[in-house]
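As a plain string of letters, each chain reads:
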Amino acid sequence: MTVRVIEVAQRVLADNDAVAESNRRRFHEAGVFVVNLIASPGAGKTSLIIKTMEALADRARVGVIEGDVAGSLDAEKVLGAGAQDAVQINTEGGCHLEAAMVRRALDDLALDEIDLLFIENVGNLICPTHWDLGQDLKVCLASVAEGDDKPVKYPEIFATSDVVVLNKIDLAEHVDFKRERFYEPLRPLNPRAPVFELSCRSGEGVLHWAHWLLGRR
Ligand code: MG
Ligand code: ZN
């Protein structure tokens, strides 16, 4: 008898893609533009959502799906900062969000009351790369405080994102961040993705990014 090998990983990802497509249809029917925000822990995902929301205060109603291993801290933060609606997903150890988790969260999210939905993925630059959630835009967020070697070490997320945001640029000289060490490997990986340098702390560059995002909607 021959051993049968089942390609579980591919099958699971194919199932995920089907759910992601149905999420995408649901978002489009509701007229909601969706951002899948991927970054390592501490890069400033929640801060970017809050600053973008503030910059677009009168122009877009923002909803947030927060993905975290545990707790509801970030959902509370974005609601306190004026999000129209927010839902927290706890993955209970899971290191990425999947389309089915987002579909489940949509039961609790007032889609018809929002224009722009941020999905804050679990802090991780590796596996969130492979899981389509039904987004319009996949955003890779990095910060200078993490170092300038991220495109070399995690090429896939930089290669497959629609846009790259580089946060904490006000700290660049304090943490010895060298732009050429960041950009030289990034450009061949992804020549088409625009890169936005900004600082959520000082506010520098945030308006430029927020207006570009609004234009993509
Ligand atoms: Mg966060
Ligand atoms: Zn994972």
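Details of the structure are given in the entry above.
Residues numbered from 1 in each chain as written. Chains lettered and ligands numbered in written order. Predicted model: local features only at pLDDT ≥ 70, side-chain atom pairs only at ≥ 80, totals over all residues. Heavy atoms only, no water.

Novice: Pulling in residues and values, what's your account of the coordination of the zinc ion (ligand 2)?
Specialist: The coordination sphere of the zinc ion (ligand 2) contains the protein donors Cys95 (SG), His96 (ND1) and Cys127 (SG), at a distance range of 1.9 to 2.2 Å. Of note, the donors binding the zinc ion (ligand 2) are all from one chain and are spaced C-H-x30-C. Of the residues examined, cysteine 95 reaches a relative accessible area of 35% and is grouped as partly exposed. Residue histidine 96 is classed as buried on the basis of its relative accessible area of 11%. (Donors = N, O, S within 2.8 Å, 3.2 Å for Na, K, Ca; no water. Buried < 20%, exposed > 50% of the residue type's maximum accessible area, 1.4 Å probe, protein only.)

Novice: Quick one: what's the story with the layout of surface pockets, residue by residue and with numbers?
Specialist: In this structure, the largest pocket occupies an estimated 220 Å³ of space. Lining the largest pocket are 17 residues, with Gly42, Lys45, Thr46, Asp74 and Glu120 sitting closest to its centre. Of all the elements, helix 2 (residues 45-55) adds the most residues to the lining of the largest pocket, at four residues. Here the residues of the lining of the largest pocket are counted per class, giving five nonpolar, seven polar and five charged. (1 Å grid on protein atoms, 1.4 Å probe; cavity = no way out; pocket = protein on both sides within 12 Å on 5 of 7 lines; lining within 4 Å. Points joined across faces, edges and corners; volume = space filled by probe spheres on them. Helix = DSSP H or I, 4+ residues; strand = E, 2+ residues; numbered from the N terminus. Nonpolar A, V, L, I, M, F, W, Y, C, P; charged D, E, K, R; others polar.)

Novice: Any chance you could break down the sheet that holds strand 5 (residues 137-143) for me, citing the residues and the numbers?
Specialist: Ordered in space as 3-2-4-1-5-6-7, the seven strands form an open sheet in which the pairing is parallel. Across the chains shown, the open sheet's two edge strands, defined by having one partner strand only, are strand 3 (85-90) and strand 7 (195-197). Going across the sheet, the axis of each strand differs from the next one's by a mean of 20°, ignoring polarity. Bridge count between strand 2 (residues 62-68) and strand 3: six bridges; the pairing is parallel. Paired with isoleucine 65 across the strands is valine 87, a residue of strand 3. Packed onto the sheet, helix 4 (residues 99-106) meets strand 2, strand 3 and strand 4 (116-120) and runs at close to 135° relative to strand 3. (Pairing = 2+ DSSP bridges. Axes fitted to C-alpha atoms, helices over the stretch in contact; angles between N-to-C directions. Contact = heavy atoms within 4.5 Å.)

Spatial relationships are all this shows, so hold off on functional conclusions.
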